[in-house]
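Report on the structure
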Amino acid sequence: MHPSTAKVAAALRALGVAGQVTELPEAAPTAASAAAQLGCEVGAIANSLVFRAGDAPLLILTSGAHRVDTGRVADLLGAGPVRRADPDFVRASTGQVIGGVAPVGHPQPLRTLVDVWLGKYDVVWAAAGHAHTVFPTSFAELVRITGGAAAEVGTDAA
(Lines give C-alpha, C1' and ligand atoms only; values in the text may rest on other atoms or scores of the structure.)
Protein backbone atom coordinates (compact mmCIF):
# COMPACT_ATOMS: atom_id res chain seq x y z
CA MET A 1 0.00 0.00 0.00
CA HIS A 2 1.30 3.45 -0.93
CA PRO A 3 2.39 5.43 2.20
CA SER A 4 -0.15 8.17 1.50
CA THR A 5 -2.93 5.59 1.19
CA ALA A 6 -1.81 3.90 4.43
CA LYS A 7 -2.07 7.25 6.21
CA VAL A 8 -5.57 7.84 4.80
CA ALA A 9 -6.67 4.29 5.70
CA ALA A 10 -5.49 4.83 9.29
CA ALA A 11 -7.35 8.15 9.47
CA LEU A 12 -10.52 6.50 8.13
CA ARG A 13 -10.30 3.73 10.75
CA ALA A 14 -9.74 6.30 13.52
CA LEU A 15 -12.85 8.17 12.31
CA GLY A 16 -14.96 4.99 12.39
CA VAL A 17 -15.41 4.70 8.63
CA ALA A 18 -16.49 1.15 7.74
CA GLY A 19 -15.77 1.34 4.01
CA GLN A 20 -12.51 -0.29 3.00
CA VAL A 21 -9.90 1.27 0.73
CA THR A 22 -10.02 -0.34 -2.72
CA GLU A 23 -7.15 -0.37 -5.19
CA LEU A 24 -8.21 0.26 -8.78
CA PRO A 25 -6.50 -1.59 -11.65
CA GLU A 26 -5.68 1.72 -13.36
CA ALA A 27 -5.09 5.25 -12.14
CA ALA A 28 -8.29 7.29 -11.91
CA PRO A 29 -7.23 10.92 -12.38
CA THR A 30 -10.78 11.91 -13.41
CA ALA A 31 -14.26 11.20 -12.10
CA ALA A 32 -15.15 9.56 -15.42
CA SER A 33 -12.24 7.13 -15.24
CA ALA A 34 -13.03 6.25 -11.61
CA ALA A 35 -16.73 5.74 -12.40
CA ALA A 36 -15.91 3.50 -15.36
CA GLN A 37 -13.69 1.28 -13.19
CA LEU A 38 -16.19 1.16 -10.32
CA GLY A 39 -19.28 0.69 -12.49
CA CYS A 40 -21.12 3.66 -10.98
CA GLU A 41 -22.49 6.99 -12.19
CA VAL A 42 -19.93 9.77 -12.54
CA GLY A 43 -22.02 11.85 -10.11
CA ALA A 44 -21.28 9.33 -7.34
CA ILE A 45 -17.58 10.18 -7.47
CA ALA A 46 -16.53 12.76 -4.88
CA ASN A 47 -13.85 14.89 -6.52
CA SER A 48 -11.49 16.32 -3.89
CA LEU A 49 -10.43 19.71 -5.20
CA VAL A 50 -8.16 22.14 -3.37
CA PHE A 51 -8.59 25.87 -3.83
CA ARG A 52 -7.02 28.97 -2.34
CA ALA A 53 -9.38 31.24 -0.44
CA GLY A 54 -7.00 34.10 0.18
CA ASP A 55 -3.88 32.33 1.43
CA ALA A 56 -5.79 29.49 3.11
CA PRO A 57 -6.51 26.10 1.57
CA LEU A 58 -10.12 25.18 0.92
CA LEU A 59 -11.10 21.58 0.16
CA ILE A 60 -14.22 21.16 -1.93
CA LEU A 61 -15.70 17.70 -2.32
CA THR A 62 -17.89 17.95 -5.38
CA SER A 63 -19.86 15.48 -7.42
CA GLY A 64 -18.04 14.24 -10.50
CA ALA A 65 -21.05 15.53 -12.45
CA HIS A 66 -20.33 19.12 -11.36
CA ARG A 67 -17.80 21.85 -11.88
CA VAL A 68 -17.06 24.15 -8.94
CA ASP A 69 -18.44 27.66 -9.38
CA THR A 70 -15.71 29.68 -7.64
CA GLY A 71 -17.82 32.85 -7.68
CA ARG A 72 -20.64 31.05 -5.88
CA VAL A 73 -18.17 29.59 -3.36
CA ALA A 74 -16.59 33.01 -2.71
CA ASP A 75 -20.08 34.47 -2.10
CA LEU A 76 -20.95 31.55 0.18
CA LEU A 77 -17.81 32.07 2.24
CA GLY A 78 -18.01 35.85 2.20
CA ALA A 79 -14.41 35.70 1.01
CA GLY A 80 -12.35 37.33 -1.66
CA PRO A 81 -11.48 35.42 -4.79
CA VAL A 82 -11.41 31.63 -4.63
CA ARG A 83 -9.03 30.11 -7.14
CA ARG A 84 -7.73 26.66 -8.01
CA ALA A 85 -4.54 25.79 -6.11
CA ASP A 86 -1.35 24.81 -7.90
CA PRO A 87 0.16 21.32 -7.39
CA ASP A 88 2.78 22.52 -4.86
CA PHE A 89 0.12 24.24 -2.71
CA VAL A 90 -2.08 21.12 -2.90
CA ARG A 91 0.76 18.88 -1.75
CA ALA A 92 1.83 21.28 1.03
CA SER A 93 -1.78 21.57 2.27
CA THR A 94 -2.80 17.90 2.03
CA GLY A 95 0.38 15.84 1.94
CA GLN A 96 -1.12 14.25 -1.19
CA VAL A 97 -0.85 14.86 -4.92
CA ILE A 98 -3.55 15.98 -7.33
CA GLY A 99 -5.47 12.98 -8.62
CA GLY A 100 -5.48 11.18 -5.30
CA VAL A 101 -6.38 13.80 -2.69
CA ALA A 102 -8.51 12.21 0.01
CA PRO A 103 -11.05 13.99 2.20
CA VAL A 104 -8.92 13.16 5.29
CA GLY A 105 -5.35 12.36 6.28
CA HIS A 106 -3.96 15.86 5.85
CA PRO A 107 -1.26 17.44 8.04
CA GLN A 108 -3.87 19.88 9.42
CA PRO A 109 -7.67 19.92 9.15
CA LEU A 110 -8.82 21.84 6.08
CA ARG A 111 -11.86 24.05 5.76
CA THR A 112 -14.16 21.85 3.68
CA LEU A 113 -17.33 22.22 1.65
CA VAL A 114 -19.26 19.10 0.59
CA ASP A 115 -21.44 19.33 -2.51
CA VAL A 116 -25.08 18.61 -1.57
CA TRP A 117 -25.48 16.85 -4.93
CA LEU A 118 -23.52 13.91 -3.44
CA GLY A 119 -26.50 13.32 -1.13
CA LYS A 120 -28.41 11.89 -4.11
CA TYR A 121 -26.32 8.71 -3.93
CA ASP A 122 -26.42 5.99 -1.30
CA VAL A 123 -22.75 5.20 -1.98
CA VAL A 124 -20.20 7.84 -2.89
CA TRP A 125 -16.61 7.01 -3.84
CA ALA A 126 -13.75 9.25 -2.68
CA ALA A 127 -10.01 9.16 -3.32
CA ALA A 128 -7.85 7.48 -0.69
CA GLY A 129 -4.53 9.31 -1.02
CA HIS A 130 -3.34 7.95 -4.37
CA ALA A 131 -4.66 7.93 -7.94
CA HIS A 132 -5.20 4.15 -7.74
CA THR A 133 -7.17 4.08 -4.47
CA VAL A 134 -10.72 4.96 -3.42
CA PHE A 135 -13.12 4.17 -0.60
CA PRO A 136 -16.91 3.96 -0.36
CA THR A 137 -18.69 6.43 1.87
CA SER A 138 -21.82 8.59 1.95
CA PHE A 139 -22.60 12.28 1.80
CA ALA A 140 -23.42 12.37 5.53
CA GLU A 141 -20.23 10.53 6.40
CA LEU A 142 -18.14 12.92 4.28
CA VAL A 143 -19.62 15.87 6.14
CA ARG A 144 -18.95 14.14 9.48
CA ILE A 145 -15.37 12.99 8.88
CA THR A 146 -14.23 16.29 7.35
CA GLY A 147 -16.12 18.58 9.73
CA GLY A 148 -17.26 20.17 6.48
CA ALA A 149 -20.30 22.19 5.57
CA ALA A 150 -22.91 20.99 3.09
CA ALA A 151 -23.19 23.49 0.24
CA GLU A 152 -24.26 23.99 -3.35
CA VAL A 153 -20.90 24.51 -4.93
CA GLY A 154 -21.24 23.72 -8.57
CA THR A 155 -22.86 23.73 -11.91
CA ASP A 156 -23.40 20.78 -14.22
CA ALA A 157 -20.19 19.66 -15.91
CA ALA A 158 -20.12 20.23 -19.64
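What you see is a predicted model, and the numbers here were worked out from it, not measured in a lab. (Residues numbered from 1 in each chain as written. Predicted model: local features only at pLDDT ≥ 70, side-chain atom pairs only at ≥ 80, totals over all residues. Heavy atoms only, no water.)

1. As for the overall build of the chain
Secondary structure summary: the chain contains 5 helices and 10 strands in total. Here the C-alpha radius of gyration of the chain, 14 Å, is about what a compact globule of 158 residues would show, namely 15 Å. Each principal axis of the C-alpha distribution contributes one length, and for the chain these read about 40 × 30 × 25 Å. The buried share among the 158 residues of the chain stands at 48%. Relative to all contacts within the chain whose residues are 6 or more apart in sequence, the contacts with residues 24 or more apart total 65%. Of the roughly 7500 Å² that the chain leaves accessible, carbon and sulfur atoms contribute 54%. Between the centroid of the 11 positive side chains of the chain and the centroid of its 13 negative side chains there is a distance of 6 Å. (Helix = DSSP H or I, 4+ residues; strand = E, 2+ residues; numbered from the N terminus. Rg over C-alpha atoms; globule rule 2.2 N^0.38 Å. Buried < 20%, exposed > 50% of the residue type's maximum accessible area, 1.4 Å probe, protein only. Contact = heavy atoms within 4.5 Å. Areas by Shrake-Rupley, 256 points an atom, 1.4 Å probe, with all protein chains shown as cover. Lys, Arg positive; Asp, Glu negative; His and termini not counted. Charge placed at Lys NZ, Arg CZ, Asp CG, Glu CD.)

2. Thoughts on the pattern of salt bridges
Summed over the entire model, instances satisfying the criterion amount to 2 salt bridges. Two residues, Asp 55 and Arg 52, come together in a salt bridge whose shortest N-O distance is 3.8 Å. Residue Asp 55 is classed as exposed on the basis of its relative accessible area of 65%. Residue Arg 144 pairs with Glu 141 through a salt bridge whose shortest N-O separation is 3.7 Å. Here the residue Arg 144 and the residue Glu 141 both occupy positions in helix α5 (residues 139-146), the gap between them amounting to 3 residues, near one helical turn. Residue Glu 141 is classed as buried on the basis of its relative accessible area of 17%. (Salt bridge = Lys/Arg side-chain N within 4 Å of Asp/Glu carboxyl O.)

3. Concerning the side chain of Thr 133
Here Thr 133 is to be found in strand β8 (residues 133-137). The exposure class assigned to Thr 133 is buried, which follows from its relative accessible area of 7%. Among the polar contacts listed, one links the side chain of Thr 133 to the side chain of Thr 5, at a separation of 3.2 Å. Ignoring anything within four residues of it in the chain, the contact list for Thr 133 reads Thr 5, Val 21, Thr 22, Glu 23, Ala 126, Ala 127 and Ala 128. (Polar contact = N/O pair within 3.5 Å; in protein donor to acceptor, adjacent residues only side chain to side chain.)

4. So, helix α2 (residues 31-38)
Three or more residues of α2 are buried, namely Ala 31, Ala 34 and Ala 35. Across the axial projection of α2, the buried residues extend over an arc of 100 degrees, all falling on one side. Those residues of α2 that are buried lie in contact with β2 (45-53). Where α2 ends, the next residue or the one after it, Gly 39, has phi of about 70 degrees, a positive value. (Arc of directions from axis to C-beta.)

5. Things to note about the nonpolar core
Counting 26 residues, the largest nonpolar core has Leu 12, Val 50, Leu 118, Phe 135, Leu 142 and Ile 145 as its most contacted members. Broken down by secondary-structure element, the contributors of at least two residues to this core are α1 (3-14), β2, β3 (56-63), α4 (87-94), β7 (124-127) and α5. (Core = buried A, V, L, I, M, F, W, Y, C linked by side-chain atoms within 4.5 Å.)

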